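Structure at a glance
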Amino acid sequence: MKPAMTSRNGTGTLRWTFPNILTVMRLLAAPGVAVMFLYFHRPWADWFALVLFALAAITDFFDGYLARAWKQESRLGAMLDPIADKAMVVIALLVITGYSGMDPWLILPATAILFREVFVSGLREFLGDKAGLLKVTPLAKWKTTAQMTAIAVLFMAMGLEYVREASFLRSHADLIATLSDIGTPEVNVVELAQYGGSTVWNVGLALIWIAGILTLITGWDYFRKAQPHLKDDMT
């Protein structure tokens with residue numbers, strides 16, 4: 001299959017294939033998550049951010065799969081893919097920590113994740129042409145999956161927790177009345193928030209701790225592989 005569009009720059013070709021376009025869309029979705037909270041009131045902002053984040057995360061699988069299946073792998077895609085992943089995770093964590101009341105049980109793993117991403121990015125930049133030594137490992141892919149899953153659960157939990165707290169306030173009566181009509185005759189959104197909101201949040205915290213541990217392990221693995229190129233010549 002031929003690329004969707006190409007542009008010449010010197011002797012090389014900048015390949016705008018469909019997989020690359022998916023990657024760019026994921027990159028643009030990263031700040032879009034934060035924009036949800038500028039244009040919509042909560043809990044709608046939480047859930048719209050969840051939907052946008054989940055759709056973007058799905059493209060993380062399809063862009064690489066389609067690039068390999070259609071033989072459209074490119075340098076542009078290889079460069080944009082990790083940037084899009086990091087942008088999604090970093091911006092989403094900033095939003096979640098800000099709206100969660102700076103929960104220390106969330107801040108600790110989030111800090112570990114942000115530290116590792118900055119450290120590995122700096123390591124790749126320092127290695128330059130040798131950065132290919134830090135190839136993505138299977139564990140690193142599991143790390144990304146764990147991060148994406150944890151963040152999606154936390155967005156869902158934030159919305160439910162907001163509904164649970166709003167159900168006790170008369171000023172939010174219209175919101176609660178609207179949400180009470182959403183769901184099944186047995187369980188609506190408000191009842192789900194009242195009885196399951198804290199549980200979903202705790203599940204999200206457990207997942208982000210798992211993601212944080214995997215993130216640190218993969219960061220150490222990359223540092224270990226780079227060590228031979230960080231030593232000074234003593235001769």
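Predicted, not measured: the structure shown is a model, and the values here were computed from it.

Let's shift gears to the pattern of salt bridges. Going through the model one piece at a time under the given rule, you end up with 8 salt bridges. With a shortest N-O distance of 2.6 Å, arginine 26 and aspartate 81 are connected by a salt bridge. Separated by 55 residues along the polypeptide, arginine 26 in helix α1 (residues 18-39) and aspartate 81 in helix α3 (residues 75-99) bring together distant segments of the chain. Arginine 26 gets classed as buried once you look at its relative accessible area, which sits at 1%. Here aspartate 46 makes a salt bridge to arginine 42, at a shortest N to O gap of 2.9 Å. One connected set of salt bridges, linked through shared partners, spans Lys86, Arg116, Glu117 and Lys143.

A few words now on the packing of aromatic side chains. The tally for this structure, following the rule as stated, stands at 9 aromatic pairs. Centre to centre, the rings of tryptophan 44 and tryptophan 47 are 6.0 Å apart; their planes meet at 85°, and the pair counts as edge-to-face. Of this pair, tryptophan 44 and tryptophan 47 both sit in helix α2 (residues 44-69), 3 residues apart, which is roughly one turn of the helix. With relative accessibility at 29%, the residue tryptophan 44 sits in the partly exposed group.

Let us look at α3. Across its 25 residues, α3 extends 37 Å between first and last C-alpha, which sits within 8% of the 36 Å expected from 1.5 Å per residue. Taken from the residues just after α3, glycine 101 is the one with a positive phi, measuring 75°.

Right, let's get into the nonpolar core. In this structure, Phe37, Phe53, Ile96, Ile151, Phe155, Trp201 and Ile208 are the most contacted members of the largest nonpolar core, which totals 34 residues. Taken together, the elements giving at least two residues each to this core come down to α1, α2, α3, α4 (104-127), α5 (138-166) and α7 (189-226).

Moving on, we come to the UniProt feature "transmembrane region" (unreviewed entry) in the protein chain. The sites that UniProt annotates as "transmembrane region" (unreviewed entry) are residues 21-41, 47-66, 78-99, 144-163 and 200-223. Helix and strand shares over residues 78-99 are 100% and 0% respectively, and the end C-alpha atoms of the span are 33 Å apart.

A few words now on the packing of α3 against α4. At a minimum axis distance of 11 Å, the contact between α3 and α4 shows a crossing angle of 150°. Relative to α4, the element α3 lies roughly antiparallel. Considering the relative orientation of α3 and α4, their crossing is left-handed. On α4, the residues that touch Lys86, Val89, Val90, Leu93, Ile96 and Thr97 of α3 are Leu106, Ala110, Ile113, Leu114, Glu117 and Ser121. Residues of the contact of α3 with α4, tallied by class, amount to 8 nonpolar, 2 polar and 2 charged.

This brings us to α2. For α2, spanning 26 residues, the distance from its first C-alpha to its last is 37 Å, which sits close to the expected 38 Å at 1.5 Å a residue. Buried within α2 are the following residues: Ala45, Asp46, Trp47, Ala49, Leu50, Phe53, Ala56, Thr59, Asp60, Asp63, Leu66 and Ala67. Lysine 71 sits one or two residues past α2 and shows a positive phi near 55°.

Our next topic: the layout of surface pockets. Each pocket or cavity is described by its volume, and for the largest pocket that value is around 1600 Å³. Looking at the lining of the largest pocket, the elements that each hand over two or more residues are α1, α2, α3, α4 and α5. With 10 residues, α3 is the single largest residue contributor to the lining of the largest pocket. Taken together, the residues of the lining of the largest pocket break down into 18 nonpolar, 12 polar and 14 charged.

Rules used in this analysis
Residues numbered from 1 in each chain as written. Predicted model: local features only at pLDDT ≥ 70, side-chain atom pairs only at ≥ 80, totals over all residues. Heavy atoms only, no water. Salt bridge = Lys/Arg side-chain N within 4 Å of Asp/Glu carboxyl O. Helix = DSSP H or I, 4+ residues; strand = E, 2+ residues; numbered from the N terminus. Buried < 20%, exposed > 50% of the residue type's maximum accessible area, 1.4 Å probe, protein only. Phe/Tyr/Trp six-rings, centres within 6.5 Å; stacked < 30°, edge-to-face > 60°. Expected span 1.5 Å × (residues − 1). Core = buried A, V, L, I, M, F, W, Y, C linked by side-chain atoms within 4.5 Å. UniProt positions renumbered as here; feature names shortened; annotations may be inferred. Axes fitted to C-alpha atoms, helices over the stretch in contact; angles between N-to-C directions. Parallel < 35°, antiparallel > 145°, perpendicular 65-115°, else oblique. Left-handed = near helix turned anticlockwise from the far one by under 90°. Contact = heavy atoms within 4.5 Å. Nonpolar A, V, L, I, M, F, W, Y, C, P; charged D, E, K, R; others polar. 1 Å grid on protein atoms, 1.4 Å probe; cavity = no way out; pocket = protein on both sides within 12 Å on 5 of 7 lines; lining within 4 Å. Points joined across faces, edges and corners; volume = space filled by probe spheres on them.

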